[in-house]
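Structural overview
Single-letter residue listing:
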Amino acid sequence: MAPPIDPAPPVDPSTGDDAAEPAFAWGPATGVGSLPGTDPAEALRTVTGELPGFAHLPELPARGAGADLVGRSAALLVDLAVDLTPAGWRLVARGGIDQRRAREFLARDLDALSEVAETYEGPFKLQAAGPWTLAAGLERTRGDRAVVDPGARRDLAQSLTEGLAAHVAEVGARVPGARVVVQLDEPSVPAVLQGGLPTISGFGKLAAVEASVVQQELAGVVAGLGAPVVVHCCANRAPLELFRAAGADAVSFDLGQVQDLDAIGTAVDAGTHLLPGVVPGTDATLPAAKATASRLRAWWNELGFPAEHLHAAVTLTPACGLAGATPGYARTAMTHVREAARYLQPE
């Protein structure tokens, strides 16, 4: 796991001077992942143009089944097969056309990456469903969610870790100047913890899973990826402390949904980087970028940390993915977070 950013520069205790080894540089602003549209090369040109300090590999769910969060992540699985049924994605004995399509989408994205961003340098983020969201979104052959079966969860987590690690290596080979970051999307974790996931029939709810189990299984994936890891959840009641305790180098969240300032403060004290979402993921009228920066400063002041540490402790993002936005708004939102981050820089 890469060393996290610390709000204050690391100090060599023997000399009192700043330590020689710098913290990982996250970049001032980035995207969450998804964008509108169906052209991966065009999406990459937009991302690298608007977010040159911390670009990411766009997800384009408008392309259809296999480009959605669960299908795209299932394309990374090693030695596990999935297929699409009328009820959703299901684990099967042998993969078919739907899994091949998902893998083809991912291959096209990597080809576009080589074409558009081969010379990119700096942090570069990949996204995939985390182990709990993937297990919540996949059915077993018998029709219940994989999340209810500890053995199925274990197999999925191990397969996802292996596939994601290979994906990191592939991106690193295609873009040698990139410092690859992995984002695990975990929108289903609050429902897993609260017993809020519906059964396949829709007539009941699955039992809640203990927080210690969720943390332990997530930690196994985080530790196995060999790259800095962001855990993202823009849902209400995002368990940021659990994500931090699972070893995440950074947590990504909707700033408007998080009221637990103690969890944020604990994360900052532990050196966990923050990716607050500061603009809506769907079309909205945005304030001036300077006003967004002022809002961040007020929030940071409420947390009680020195103002001069803010710019190094945060990377600004939209609140959620932008797949549901118009192309014009998606570009505007990325421009906005980039410009707002500029106002956080020391003068």
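Residue numbers restart at each chain and count upward from 1, following the sequence in its written direction. Confidence filtering applies because this is a predicted model: local features only for residues at pLDDT of at least 70, side-chain atom pairs given and counted only at 80 or more, and all residues used for totals across whole chains, interfaces and linings. Only hydrogens and water are removed before side-chain values are computed, so all heavy atoms of the structure are retained for them.

1. A look at the packing of aromatic side chains
The geometry of an aromatic ring pair is captured by the separation of the ring centres together with the interplanar angle, meaning the angle of the planes. Note the cut-off: Any pair of Phe, Tyr and Trp rings, taking the six-membered ring for Trp, is counted once the centres come within 6.5 Å. Such a pair is stacked with planes under 30 degrees apart, edge-to-face with planes over 60 apart, and tilted for the rest. Buried residues are those whose accessible area, probed at 1.4 Å on protein chains only, stays under 20% of the maximum for their type, while exposed residues exceed 50% and partly exposed ones sit between those limits.
Summed over all chains, the structure comprises four aromatic pairs. Here the aromatic rings of Trp299 and Trp300 are separated by 6.4 Å at their centres, their planes lie at 45 degrees, and the arrangement is tilted. Summarising the burial analysis for this pair, Trp299 and Trp300 share the class buried. These aromatic residues form a ring-pair network of at least three members: Phe253, Trp299, Trp300 and Phe305.

2. Comments concerning the nonpolar core
Spelled out, the test is: We call a set of buried residues a nonpolar core when its members are Ala, Val, Leu, Ile, Met, Phe, Trp, Tyr or Cys and they connect through side-chain atoms within 4.5 Å of each other. Elements are defined by DSSP. Helices are runs of H or I of four residues or more, strands are runs of E of two residues or more, and each kind is numbered from the N terminus.
By size, the foremost hydrophobic cluster in this structure holds 98 residues, and its most contacted members are Phe124 and Leu274. Here the element with the most residues in this core is helix α12 (residues 327-344); it accounts for eight residues. Phe24, Phe54, Val230 and Leu275 belong to the second-largest nonpolar core, a separate cluster that totals seven residues.

3. Digging into the state of the cysteines
Stated formally: Whenever a pair of cysteine sulfur atoms sits within 2.5 Å, that pair is classed as a disulfide.
Scanning the entire structure with this criterion turns up one disulfide. With a sulfur-sulfur separation of 2.1 Å, Cys234 is cross-linked through a disulfide to Cys320. Here the S-S torsion is close to 125 degrees, and the disulfide linking Cys234 with Cys320 is therefore right-handed. Of this pair, Cys234 sits in the loop between β6 (229-233) and α8 (240-245) while Cys320 sits in the loop between β9 (317-318) and α12, and the two are 86 residues apart along the sequence. Classification of Cys320 as partly exposed rests on a relative accessible area of 22%. Not engaged in a disulfide, the cysteine Cys233 finds its nearest cysteine sulfur in Cys234; these two sulfurs lie 6.5 Å apart.

4. Quick notes on the pattern of salt bridges
Quick note on the threshold: By definition, a salt bridge exists where a carboxyl oxygen of Asp or Glu is found within 4 Å of a side-chain nitrogen of Lys or Arg.
Per the counting criterion, the structure on display carries 14 salt bridges. With a closest N to O distance of 2.7 Å, Arg90 and Glu139 form a salt bridge. Linking Arg90 in strand β3 (residues 88-92) with Glu139 in the loop between α4 (131-137) and α5 (150-174), this pair joins segments that are 49 residues apart in sequence. In this structure Arg90 comes out as partly exposed when scored by relative accessible area, which is 24%. Residue Glu139 is classed as buried on the basis of its relative accessible area, which comes to 4%. Linking Arg174 and Glu170 is a salt bridge whose minimum nitrogen-to-oxygen distance equals 2.7 Å. You can see Arg174 and its partner Glu170 sitting in helix α5, four residues apart, about one turn around the helix. What makes Arg174 partly exposed here is its relative accessible area of 23%. One connected set of salt bridges, linked through shared partners, spans Glu50, Arg331, Arg338 and Glu339.

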